[in-house]
Amino acid sequence: MAEVDHGAGVMCPPPFIYLGVLLLGPVIDRLLGLPPLPIPGGFSILFLFPGFILIGIAIGLFRRRGENPNPATTTSGIIDTGIYARTRNPMYLGMAIAYLGLAILLHSMPSLLLWPLALLLIRNQVIAREERYLTAKFGQPYLDYMARVKRWF
């Protein structure tokens, strides 16, 4: 009997992890009565624009290859061209950059301070699972890709 491929086993969609952590900031602001972040909201575009562009480029490559960008689905190949030749996780990198812009837009210091927590959760709960799955599925070609291309940049 053939083994069924269930994908990387990612339990929570990565955008929900980033948004969940991000939105803890305003809750903490309200509970503690903290003042707004002293950075004008207009600075958020410095992070939002590049973050969303990076996400869009990465999703475009997935779609052109006929792959589903959802990490809870199976994959039929390693995408190692375009932006994936520079970073193994451009979508998560884009989300991390956009997160900073959203924290500025929310004027929330706790959101900014919780950013490393979001990165840690993505690294341990999403990327680690994906790397185990892709290594098990593709073996040496994926290990070679990991050796050649950095995780973030």
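One can find the structure itself at the top, above this paragraph.
In this report, the structure presented in the accompanying data block is examined. Everything quoted here is computed from the prediction, not taken from an experiment. (Residues numbered from 1 in each chain as written. Predicted model: local features only at pLDDT ≥ 70, side-chain atom pairs only at ≥ 80, totals over all residues. Heavy atoms only, no water.)

As a further point, take the pattern of salt bridges. All chains considered together, the criterion is met by three salt bridges. In this structure, the salt-bridge partner of Arg-88 is Glu-131, at a minimum N-O distance of 2.7 Å. Of this pair, Arg-88 sits in the loop between helix 2 (45-64) and helix 3 (90-105) while Glu-131 sits in helix 5 (residues 115-138), and the two are 43 residues apart along the sequence. Arg-151 serves as the salt-bridge partner of Glu-131, at 3.0 Å between the closest nitrogen and oxygen. (Salt bridge = Lys/Arg side-chain N within 4 Å of Asp/Glu carboxyl O. Helix = DSSP H or I, 4+ residues; strand = E, 2+ residues; numbered from the N terminus.)

In this section: the packing of helix 1 (residues 14-32) against helix 5. Contact geometry of helix 1 with helix 5 gives a least axis separation of 9 Å together with a crossing angle of 155°. Overall, the two elements helix 1 and helix 5 adopt an arrangement that is roughly antiparallel. Read as a crossing pair, helix 1 and helix 5 show a hand that is right-handed. Residues Pro-14, Ile-17, Tyr-18 and Val-21 of helix 1 touch helix 5, and the partners they reach there are Leu-117, Ala-118, Leu-119, Leu-121, Ile-122 and Val-126. Across the contact of helix 1 with helix 5, the residue classes break down as ten nonpolar, no polar and no charged. (Axes fitted to C-alpha atoms, helices over the stretch in contact; angles between N-to-C directions. Parallel < 35°, antiparallel > 145°, perpendicular 65-115°, else oblique. Left-handed = near helix turned anticlockwise from the far one by under 90°. Contact = heavy atoms within 4.5 Å. Nonpolar A, V, L, I, M, F, W, Y, C, P; charged D, E, K, R; others polar.)

So, about the packing of helix 2 against helix 3. Contact geometry for helix 2 and helix 3: axes closest at 7 Å, N-to-C directions at 155°. Relative to helix 3, the element helix 2 lies roughly antiparallel. Between helix 2 and helix 3 the crossing geometry is left-handed. Of helix 3, the residues touching helix 2 (which contributes Phe-47, Leu-48, Gly-51, Phe-52, Leu-54, Ile-55, Ala-58, Ile-59 and Phe-62) are Pro-90, Met-91, Leu-93, Gly-94, Met-95, Ile-97, Ala-98, Leu-100, Gly-101, Leu-102, Ile-104 and Leu-105. Partitioned by chemical class, the residues of the contact of helix 2 with helix 3 number 18 nonpolar, three polar and no charged.

Right, let's talk about helix 5 for a bit. Over its 24 residues, helix 5 runs 32 Å from end to end, which matches the ideal 34 Å to within 8%, given 1.5 Å per residue. Maximum bend of helix 5: about 35°, positioned at Arg-123. Listing the buried residues of helix 5 in full gives Ala-118, Ile-122, Val-126, Ile-127, Ala-128, Glu-130, Glu-131, Tyr-133, Leu-134 and Phe-138. Just past helix 5, the residue Gly-139 takes up positive phi, approximately 60°. (Expected span 1.5 Å × (residues − 1). Bend = angle between axes of the 7 residues up to and from the residue. Buried < 20%, exposed > 50% of the residue type's maximum accessible area, 1.4 Å probe, protein only.)

This part takes up the packing of aromatic side chains. On inspection of all chains with the given rule, the structure shows three aromatic pairs. With centroids separated by 5.9 Å and ring planes inclined at 50°, the aromatic side chains of Tyr-142 and Tyr-145 adopt a geometry described as tilted. Highlighted residues: Tyr-142 and Tyr-145, both in helix 6 (residues 140-148), separated by three residues, approximately one helical turn. On the accessibility criterion, Tyr-142 (5% relative accessible area) is buried. On the basis of relative accessible area, Tyr-145 is assigned to the buried category, the value being 3%. (Phe/Tyr/Trp six-rings, centres within 6.5 Å; stacked < 30°, edge-to-face > 60°.)

On the secondary structure map, Ala-58 appears in helix 2. Taking relative accessible area as the criterion, Ala-58 reaches 0% and is therefore assigned buried. Once the C-alpha coordinates of Ala-58 and Tyr-92 are considered, the two residues, 34 residues apart in sequence, prove to be 9.7 Å apart. With residues near it in sequence (within four places) discarded, Ala-58 still touches Ile-83, Tyr-84, Pro-90 and Met-91.

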